[in-house]
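Results of the structural survey
What follows is each chain in one-letter form.
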Amino acid sequence: MKFRKTLKLGIAAAAICVVSGNGYGQERQMPMTVHPIKEGKLYWVEGPSGGNSGVIIGDTGVVVIDVKTTPEAGAQLVAAIAKLTPKPITHVIETHSDGDHIGGIVSFPQDIKIIGHINNKNEQRAVLAYATPIPGGGKCAPDPDRLPNMLIYKDKVSATLDGEHFVFHYFGPSHTNGDLIVELPDYKLAFTGDIITTTAPIHPEKSGSLAGWFHTAQQLLAMNVTTYVGGHASTTDTKDSLRSKVAERQVVRDKIDALVAQGKTESDIKTMFGKEAAATVGCSGVPRPSQIMEEYNEKTDKAQEIK
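Criteria and cut-off values
- Residues numbered from 1 in each chain as written.
- Predicted model: local features only at pLDDT ≥ 70, side-chain atom pairs only at ≥ 80, totals over all residues.
- Heavy atoms only, no water.
- Helix = DSSP H or I, 4+ residues; strand = E, 2+ residues; numbered from the N terminus.
- Buried < 20%, exposed > 50% of the residue type's maximum accessible area, 1.4 Å probe, protein only.
- Lys, Arg positive; Asp, Glu negative; His and termini not counted.
- Salt bridge = Lys/Arg side-chain N within 4 Å of Asp/Glu carboxyl O.
- Polar contact = N/O pair within 3.5 Å; in protein donor to acceptor, adjacent residues only side chain to side chain.
- Contact = heavy atoms within 4.5 Å.
- Pairing = 2+ DSSP bridges.
- Axes fitted to C-alpha atoms, helices over the stretch in contact; angles between N-to-C directions.
- Core = buried A, V, L, I, M, F, W, Y, C linked by side-chain atoms within 4.5 Å.
- Right-handed = clockwise from strand over helix to strand, strands pointing away.
- pLDDT = per-residue confidence, 0-100.
- Parallel < 35°, antiparallel > 145°, perpendicular 65-115°, else oblique.
- Left-handed = near helix turned anticlockwise from the far one by under 90°.
- Nonpolar A, V, L, I, M, F, W, Y, C, P; charged D, E, K, R; others polar.

This brings us to the side chain of Arg-146. Considering the arrangement of structural elements, one finds Arg-146 in the loop between helix H3 (118-130) and strand E10 (150-152). Although Arg-146 is buried, it forms no salt bridge, and the closest oppositely charged side chain is Asp-143 at an N-O distance of 6.4 Å. At 2.8 Å, the side chain of Arg-146 forms a polar contact with the backbone oxygen of Pro-109. Leaving out residues up to four positions away in the same chain, Arg-146 has contacts with Glu-94, Ile-105, Val-106, Phe-108, Pro-109, Gln-110, Ile-112 and Ile-114.

A separate point is unusual backbone geometry. Cis rather than trans, the peptide bond between Gly-47 and Pro-48 has omega equal to -5°. Within the element layout of this structure, Pro-48 appears in the loop between strand E5 (42-46) and strand E6 (53-57). The phi dihedral of Lys-188 is positive, around 50°, even though this residue is not glycine. In the Ramachandran plot, Ser-207 falls in the positive-phi region, its phi being about 60° despite a non-glycine side chain. Relative to the helices and strands, Ser-207 is located in the loop between strand E14 (189-193) and helix H4 (210-222). Judged by its relative accessible area of 46%, Ser-207 is partly exposed.

In space, the five strands of this open sheet follow the order E11-E12-E13-E14-E15, with mixed pairing throughout. Where the open sheet ends on each side, the last strands, each with one partner, are strand E11 (156-161) and strand E15 (227-230). Taken pair by pair, the neighbouring strands of this sheet meet at an average axis angle of 25°, ignoring direction. Bridging between E11 and strand E12 (residues 164-169) involves six bridges; their strand directions are antiparallel.

Once that is clear, we can look at the nonpolar core. Formed by 19 residues in total, the largest nonpolar core has its most connected members in Ile-93, Phe-166, Phe-168, Leu-184 and Phe-191. Looking at this core, the elements that each hand over two or more residues are E5, strand E7 (62-65), E12, strand E13 (181-184) and E14. If sequence neighbours within four positions are ignored, Leu-184 has contacts with Leu-42, Ile-56, His-165, Phe-166, Leu-189 and Phe-191.

Attention shifts here to the pairing of E7. In the case of a regular strand, side chains alternate between the two sheet surfaces. With burial as the criterion, each face of E7 is covered, one bearing Val-62 and Val-64 and the other bearing Val-63 and Ile-65. Bridging between E7 and strand E8 (residues 89-93) involves four bridges; their strand directions are parallel. The residue bridging Val-64 from the neighbouring strand is Val-92, located in E8. A crossover links E7 with its parallel partner E8, the connecting element being helix H1 (residues 71-84), and its sense is right-handed.

Quick look at the confidence of the model for the protein chain now. Confidence in the prediction of the protein chain, expressed as mean pLDDT, is 88, and 86% of residues score 70 or more. Across residues 1-29, confidence stays below pLDDT 50; counting only partners more than four residues off in sequence or on other chains, it has 77 contacts.

Okay, the packing of helix H5 (residues 239-261) against helix H6 (residues 266-273) next. At a minimum axis separation of 11 Å, H5 and H6 run at an interaxial angle of 135°. Accordingly, the angle class assigned to the pair H5 and H6 is oblique. The two elements H5 and H6 cross, and the hand of that crossing is right-handed. Across from Lys-255, Ile-256 and Leu-259 in H5, the residues of H6 making contact are Ile-269, Met-272 and Phe-273. Its residues assigned to classes, the contact of H5 with H6 shows five nonpolar, no polar and one charged.

Relative to the elements of secondary structure, Glu-294 occurs in helix H7 (residues 291-303). There is no salt bridge for the buried Glu-294, and the closest opposite charge comes from Arg-288, which lies 9.6 Å off by N-O distance. If near-sequence neighbours (up to four positions away) are discounted, Glu-294 is found in contact with Ile-202, Pro-204, Gly-208, Leu-210 and Pro-289.

Written out as structure tokens, the structure is:
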């Protein structure tokens, strides 16, 4: 699928906290870039902070997928949408509960519908219960008054929102325990959230699963779509590019599994792989294990199963 043009909107801030597939807290300048998929109907939006967003212009309103990291970035997204259409924003869909995908919700209209998986909502509740609250939400903490209010419980739900056809898929724990794949069958396109990133990051504190990530990736490949919009990418993916990403990660997985079978310890693995095995720093300083250590943990945990 070719894009005919992009719209770049200058950001007046000095530096904005940008989230990449490798972790949080990387400071750099980044414009907001609006990529048209179908002019007047469907777009995906990079920058200025947080995950990529989707914009679907319906018959009378607008559906948005993921809303950036901060209230400021959320407001910039709202302003960008207003340049595309005078229609009001009626729905926001959250692919998962990470702050870099939901923090901008406070800048959206109060009366909108917010769609998310039930596990997403519960993960946000857990953050509110155990983390230091941030008034009005923020980079890491959700706003308690802006949690999802239209919930997905089933593994597959079809819905028509303002004349546009959506299919919501839940393939089980992966990046988090509440990852929602948003398929737009009329465009043969899916928004994947952080299932597709520059790494395969898993949130163990949200019951994420690396085995679940591989399962979800295979389900994505089996879908009748040709284009995937990942959570942190400067281009879309095809089935071929997604297969390549899965194959690269499978090589790492097989290598770790073989070392575990040889009796290698956690210390051995960390010594052998060095920085590749190191955790990245997540939201509020919470460490996020590398794929190497997550595979080691899952493999050794499985060996401790009571049968």
